[in-house]
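Residue-level listing of the chains:
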Amino acid sequence: MSETAETRAEDPAGTGAGKISVRDLTIRYGDKVALSGASFDVYENEIFGIIGPAGSGKTSFLRALNRMSDMTPNMVIEGDIAIDGRPVRSWRNVYALRRRIGVVFPLPVGLPMTIYDNVALSPRLRGIKSKAKLDEIVERCLSRAALWDEVKDRLGSLGSLLSGGQQQRLTIARALSQDPEILLLDEFSIAVDPVTTMRIEDVLKELRSEMTIVLVTNLVQQARRLADRTAFFLTGELVEVADTEDLFTGNSKDPRTRDYVEGRFG
Ligand SMILES: Nc1ncnc2c1ncn2[C@@H]1O[C@H](COP(=O)(O)OP(=O)(O)O)[C@@H](O)[C@H]1O
Ligand SMILES: [Mg+2]
């Protein structure tokens, strides 16, 4: 079956509760448990925040979700993660899965190519050849990532020559060029200045109506600003998932969550 046929044939309207449903998910590296028995749902068109100190299993969850785990030695996944009711482990063609999921890492991963090509690569791989169509996609994705005005006169220069904040926005434009249903961000602002961070936060608010966003953040206030609901991970335990507002108004169920969001540890 072709990739497209597989995507179509095995992409049901959704039998699980959420866009992403996680059931009894345990992640191990050899004997080391990175996440233990987590169950939760991420709903369509929400920003779902994941907070927690370093080493809590946040990145491991993202790896399991888009099957980067396949390439990670010793990484063992038990339980289920499903997108639209379909377990991610059932995708034979992992690239077809990953195309639906845009990923933004903590540090911008610039492809060693021009700004234009960074954004045009994925559409080209999907078979789009028309220069006019590619131009339109490049402009649209760069605009949506709040980068177009700064780079429109130098689309032919190397992405790696941009500033760190610009490169992170280029990474977002590239993720958008896949036309993803789900966007994963892993501590995107760790190496980005506060002004760029705010610009990217505005971008995410705009994107929420079109895709499902999982925002792993080391900044609890960023979760408060952006996330509809937030999960608190603590050394491999999903402590709780709640409406973000509840977590920040003293209505968390677990005292550890309160301590963390109030800055008493982490
Ligand atoms: N490739 C790996 N091999 C072994 N242990 C790992 C690997 N990646 C992460 N871990 C361990 O798994 C736990 C969770 O890590 P991670 O998911 O990166 O946490 P977070 O993103 O919340 O900081 C940590 O104890 C970490 O040391
Ligand atoms: Mg991490």
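Residues numbered from 1 in each chain as written. Chains lettered and ligands numbered in written order. Predicted model: local features only at pLDDT ≥ 70, side-chain atom pairs only at ≥ 80, totals over all residues. Heavy atoms only, no water.

### Observations concerning the overall build of the protein
If you tally the helices and strands in the protein, you get eleven helices and ten strands. For the C-alpha atoms alone, the extent of the protein along its principal axes is close to 55 × 45 × 35 Å. Considering the protein as a whole, with its 266 residues, one finds that 52% of them fall into the buried category. Across the protein, every contact between residues at least 6 apart in sequence was considered, and the portion connecting residues at least 24 apart equals 65%. Of the side chains in the protein, 35 bear a positive and 38 a negative charge, and the two mean positions are spaced by 4 Å. (Helix = DSSP H or I, 4+ residues; strand = E, 2+ residues; numbered from the N terminus. Buried < 20%, exposed > 50% of the residue type's maximum accessible area, 1.4 Å probe, protein only. Contact = heavy atoms within 4.5 Å. Lys, Arg positive; Asp, Glu negative; His and termini not counted. Charge placed at Lys NZ, Arg CZ, Asp CG, Glu CD.)

### Some words on the sheet that holds strand 2 (residues 32-42)
Here four strands make up an open sheet; going across it, the order is 2-1-4-5 and the pairing antiparallel. Sheet topology places strand 2 and strand 5 (86-87) at the edges, where each strand pairs with a single neighbour. (Pairing = 2+ DSSP bridges.)

### Remarks on the site of ligand 1
Around ligand 1 sit 13 residues, and of these Lys32, Gly55, Lys58, Thr59 and Ser60 come closest. When the free accessible area of ligand 1 is taken as 550 Å², the share hidden by the protein chains comes to 66%. Put simply, the parts of the chain that give the shell around ligand 1 at least two residues each are strand 2 and helix 2 (58-65). A per-element tally of the shell around ligand 1 places helix 2 first, with four residues. (Near = heavy atom within 4 Å. Areas by Shrake-Rupley, 256 points an atom, 1.4 Å probe, with all protein chains shown as cover.)

### Observations regarding the pattern of salt bridges
Going through the model one piece at a time under the given rule, you end up with 26 salt bridges. We note a salt bridge from Glu181 to Lys19, for which the minimum N-O separation is 2.8 Å. Here the residue Glu181 occupies a position in the loop between helix 7 (164-177) and strand 7 (182-186), and Lys19 occupies one in the loop between helix 1 (3-9) and strand 1 (20-29), the gap between them amounting to 162 residues. Glu181 gets classed as partly exposed once you look at its relative accessible area, which sits at 25%. The partner of Glu78 in a salt bridge is Arg28, and the shortest N-O contact between them spans 2.4 Å. With Glu78 in strand 4 (residues 75-83) and Arg28 in strand 1, this pair connects stretches of sequence that are 50 residues apart. In the salt-bridge network here, residues are joined through shared partners; they are Lys19, Glu44, Asp84, Arg100 and Glu181. (Salt bridge = Lys/Arg side-chain N within 4 Å of Asp/Glu carboxyl O.)

### Here's the deal with the nonpolar core
Counting residues in each nonpolar core, the largest one holds 35 residues, and the members touching the most others are Leu142, Leu183, Leu185, Leu204, Leu207 and Ile213. Of all the secondary structure elements, the ones that give two or more residues to this core are helix 4 (115-125), helix 5 (131-144), helix 6 (148-151), helix 7, strand 7, helix 8 (194-207) and strand 8 (212-216). Not counting residues up to four positions away in its chain, the partners in contact with Leu183 are Gly102, Val103, Val104, Ala175, Leu204, Leu207, Met211, Thr212, Ile213 and Val214. (Core = buried A, V, L, I, M, F, W, Y, C linked by side-chain atoms within 4.5 Å.)

### A few points about the packing of aromatic side chains
For the coordinates displayed, the defined rule picks out six aromatic pairs. With centroids separated by 5.3 Å and ring planes inclined at 55°, the aromatic side chains of Phe40 and Phe61 adopt a geometry described as tilted. Taken together, the residues span a long stretch of sequence, with Phe40 in strand 2 and Phe61 in helix 2 at a distance of 21 residues. Grouping residues by exposure puts Phe40 and Phe61 together as buried. A ring pair is formed by Tyr260 and Phe265, whose centres lie 5.4 Å apart and whose planes are at 55°; its orientation type is tilted. Its relative accessible area of 30% is what places Phe265 among the partly exposed residues. (Phe/Tyr/Trp six-rings, centres within 6.5 Å; stacked < 30°, edge-to-face > 60°.)

### Concerning helix 7
For helix 7, which comprises 14 residues, the first-to-last C-alpha distance of 20 Å matches the rise-based estimate of 20 Å (1.5 Å per residue) to within 8%. The element helix 7 is extensively covered by neighbouring structure, given that 13 of its 14 residues are classed as buried. Once helix 7 ends, the next one or two residues include Asp179, with phi positive near 60°. (Expected span 1.5 Å × (residues − 1).)

### Observations concerning the sheet that holds strand 8
Pairing between the strands of a sheet is mediated by backbone hydrogen bonds and can be parallel or antiparallel. Ordered by their spatial adjacency, six strands build an open sheet running 6-7-8-3-9-10, and the pairing between neighbours is mixed. Every other strand in the sheet has two partners, leaving strand 6 (101-104) and strand 10 (237-243) as the edge strands with one partner each. On average, adjacent strands in this sheet sit at an angle of 15° to one another, irrespective of strand direction. The pairing of strand 3 (residues 47-51) with strand 8 spans four bridges and is parallel. Bridge assignment links Ile50 to a residue of strand 8, and that residue is Val216. Contacting strand 6 and strand 7, helix 7 runs over the sheet at an angle of about 175° to strand 6. (Axes fitted to C-alpha atoms, helices over the stretch in contact; angles between N-to-C directions.)

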